[in-house]
Amino acid sequence: MVFSYSTNAFVKYSLSEAVKLIAQTGFKGVEIMCDRPHLYPPDATKQDLEELKQLLESLNLTITNLNCFTLFAVGNTWLPSWIEPDESRRQERIDHTLNCLDIAHFLGSPCISVPPGGPPVDMSRDASLKLFRQGLEQVIPKAEALGVSILIEPEPDLLIETSSQMSSFIKDFSSPNLGVNFDVGHFYCVGEAPEAALDTLFDKIGHIHIEDIASTRKHHHLIPGLGAIDYDAFFKRLGELNYTKDVCVELYTYTEAPCEAGVKSIETLKPVMEKYGFLV
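Residues numbered from 1 in each chain as written. Predicted model: local features only at pLDDT ≥ 70, side-chain atom pairs only at ≥ 80, totals over all residues. Heavy atoms only, no water.

**Student:** Explain the packing of helix H9 (residues 231–240) against helix H10 (residues 258–275) to me, please; I cannot follow it from the model alone.
**Tutor:** In a pair of packed helices, the angle between the axes and the distance between the axes together describe the arrangement. At a minimum axis distance of 9 Å, the contact between H9 and H10 shows a crossing angle of 35°. Every pair of crossing elements has a handedness; the one defined by H9 and H10 is right-handed. Contacts from Tyr231, Asp232 and Phe235 in H9 reach Leu269, Val272, Met273 and Lys275 in H10. Class assignment of the residues belonging to the contact of H9 with H10 gives a composition of five nonpolar, no polar and two charged. (Axes fitted to C-alpha atoms, helices over the stretch in contact; angles between N-to-C directions. Helix = DSSP H or I, 4+ residues; strand = E, 2+ residues; numbered from the N terminus. Left-handed = near helix turned anticlockwise from the far one by under 90°. Contact = heavy atoms within 4.5 Å. Nonpolar A, V, L, I, M, F, W, Y, C, P; charged D, E, K, R; others polar.)

What follows is the structure in structure tokens.
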């Protein structure tokens, strides 16, 4: 298991500056934001990718995931989505995912994470799920060919929020390259105990996002230890399940002090992770 930090907390820095700071902060891995201002595929030249690959190697940083959720370059946090009424906007999401798969393969990332459909639109839930499924069917073949996993990340107020919704949706796909990016705080926000959600989705989990959430369950990422999530219970269950994939701190809410947030996260999480057999 590699303990990583997402560059989306470092949007006030260039990508190269961000990865250097993440290494200096003490993390062994990095999740890269595949959007501006970091690694938006249409902006990245072959030379850019070569230099990034060399930089990561020089810093001994492992890429745990490419975060392909947001699309600020052409939209916002959630849009364009997989379920846009406008076909051309859906195609932008599909094309972005295909481009991210190519970059993941080149950089050696085992996976990319994508949004769970999108915000509700003016159509039935069944119709929305059908559009999402159709979109995924256009990108899964490339994922399989490149050996990269596409991980759907359930999120509050989007098409798929809960572990049961995720389990119900993903069971209809046979591809081993489709899985789940398990965001601990997201499940807590929708009223689930994250350690219980682990049991529902464990076989499909390819990567984990870590942050804390206040007892109000409002979706606002906090430094672990500043909210109400029981991380002792979570890592205890994760250890019992013999989890071997990677864990990533995601604190895009701390752009003013990302290094300090990272240090505090390590201080809080390292003891509990090591308690249950995870080397940090």
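Having put the structure on the table, let's press on.
**Student:** Teacher, can you tell me more about the nonpolar core here?
**Tutor:** One recurring pattern in soluble globular proteins: nonpolar side chains tend to sit buried together. In this structure, Ile112, Leu136, Ile150, Phe182, Ile208, Phe234 and Phe235 are the most contacted members of the largest nonpolar core, which totals 83 residues. Top contributing element to this core by residue count: helix H3 (residues 87–107), with seven residues. In this view, isoleucine 208 contacts Asn181, Phe182, Val184, Phe234, Leu238, Tyr243, Asp246, Val247 and Cys248; residues no more than four positions away in its chain are not counted. (Core = buried A, V, L, I, M, F, W, Y, C linked by side-chain atoms within 4.5 Å. Buried < 20%, exposed > 50% of the residue type's maximum accessible area, 1.4 Å probe, protein only.)

**Student:** What should I look at first to understand the sheet that holds strand E5 (residues 149–152) in this one?
**Tutor:** Strand pairing in a sheet is mediated by backbone hydrogen bonds. Such pairs are either parallel or antiparallel. Pairing in this closed barrel of eight strands is parallel, and the strands run E1-E2-E3-E4-E5-E6-E7-E8 around the ring. Taken over all neighbouring pairs, the strand axes of this sheet differ in orientation by 30° on average, direction set aside. With three bridges joining them, strand E1 (residues 3–6) and strand E8 (residues 246–249) adopt parallel strand pairing. Residue serine 4 lies in a different strand from E8, and its bridge partner there is cysteine 248. Contacts from helix H8 (residues 194–201) reach strand E6 (178–183) and strand E7 (205–210) within the one sheet, and its direction differs from that of E6 by about 175°. Contacting E6 and E7, H9 crosses the sheet at an angle of about 165° to E7. (Pairing = 2+ DSSP bridges.)

**Student:** Sorry if this is basic, but what is going on with the side chain of threonine 162 here?
**Tutor:** With respect to the helices, strands and loops of the structure, threonine 162 is situated in the loop between E5 and helix H6 (163–170). Among the polar contacts made by the side chain of threonine 162, one reaches the side chain of serine 164 at a distance of 3.2 Å. Setting aside chain neighbours within four positions, we find threonine 162 in contact with Phe187, Val190 and Glu192. (Polar contact = N/O pair within 3.5 Å; in protein donor to acceptor, adjacent residues only side chain to side chain.)

**Student:** For this particular structure, what's the right way to read the pairing of E1?
**Tutor:** Where a strand is regular, its side chains alternate between the two sheet faces. Judged by which residues are buried, E1 turns out to be covered on both faces: Phe3 and Tyr5 on one side and Ser4 and Ser6 on the other are all buried. Relative to strand E2 (residues 29–33), E1 is paired through three bridges, and the arrangement is parallel. Its bridge partner lying in E2, serine 4 is registered against glycine 29. A crossover links E1 with its parallel partner E2, the connecting element being helix H1 (residues 15–25), and its sense is right-handed. (Right-handed = clockwise from strand over helix to strand, strands pointing away.)

**Student:** What am I meant to see in the side chain of glutamate 211 here?
**Tutor:** Of note, glutamate 211 is situated in the loop between E7 and H9. One buried charged side chain, glutamate 211, makes no salt bridge at all; its nearest oppositely charged neighbour is arginine 217, positioned 11 Å away. (Lys, Arg positive; Asp, Glu negative; His and termini not counted. Salt bridge = Lys/Arg side-chain N within 4 Å of Asp/Glu carboxyl O.)

**Student:** Got a minute to help me understand the pairing of E8 in this structure?
**Tutor:** Side chains Asp246 and Cys248 project from E8 onto one buried face, and the interleaved Val247 and Val249 project onto a second face that is buried too. As paired strands, E7 and E8 are joined by four bridges and run parallel to one another. Bridge pairing in E8 links isoleucine 208 to valine 247. Tracing the backbone out of E7, into H9 and back to the parallel element E8 gives a crossover that is right-handed.

**Student:** What is the right way to read the state of the cysteines from this model?
**Tutor:** Here a disulfide denotes a covalent bond joining the sulfur atom of one cysteine to the sulfur atom of another. Here the structure, examined in full by the defined rule, presents zero disulfides. Considering cysteine sulfurs only, cysteine 100 is the nearest to cysteine 34, which forms no disulfide, with 4.1 Å between them. By relative accessible area, cysteine 34 is classed as buried at 0%. Cysteine cysteine 259 is unpaired, with the sulfur of cysteine 248 as its nearest cysteine sulfur at 15 Å. (Disulfide = S-S within 2.5 Å.)

**Student:** Looking at this model, I keep getting lost on the pattern of salt bridges. Mind explaining?
**Tutor:** For side chains of opposite charge, pairing can occur when their charged atoms come near one another. Applying the stated rule across the entire model yields 10 salt bridges. With a shortest N-O distance of 2.7 Å, aspartate 43 and arginine 36 are connected by a salt bridge. Assessed through its relative accessible area of 40%, aspartate 43 is described here as partly exposed. Residue classification places arginine 36 among the partly exposed residues on the basis of a relative accessible area of 40%. With a shortest N-O distance of 3.8 Å, aspartate 172 and arginine 133 are connected by a salt bridge. With a gap of 39 residues between them, aspartate 172 in the loop between H6 and E6 and arginine 133 in helix H4 (residues 125–137) connect regions that are remote in the sequence. One network of salt bridges, with partners in common, ties together Asp199, Lys236, Arg237 and Glu240.

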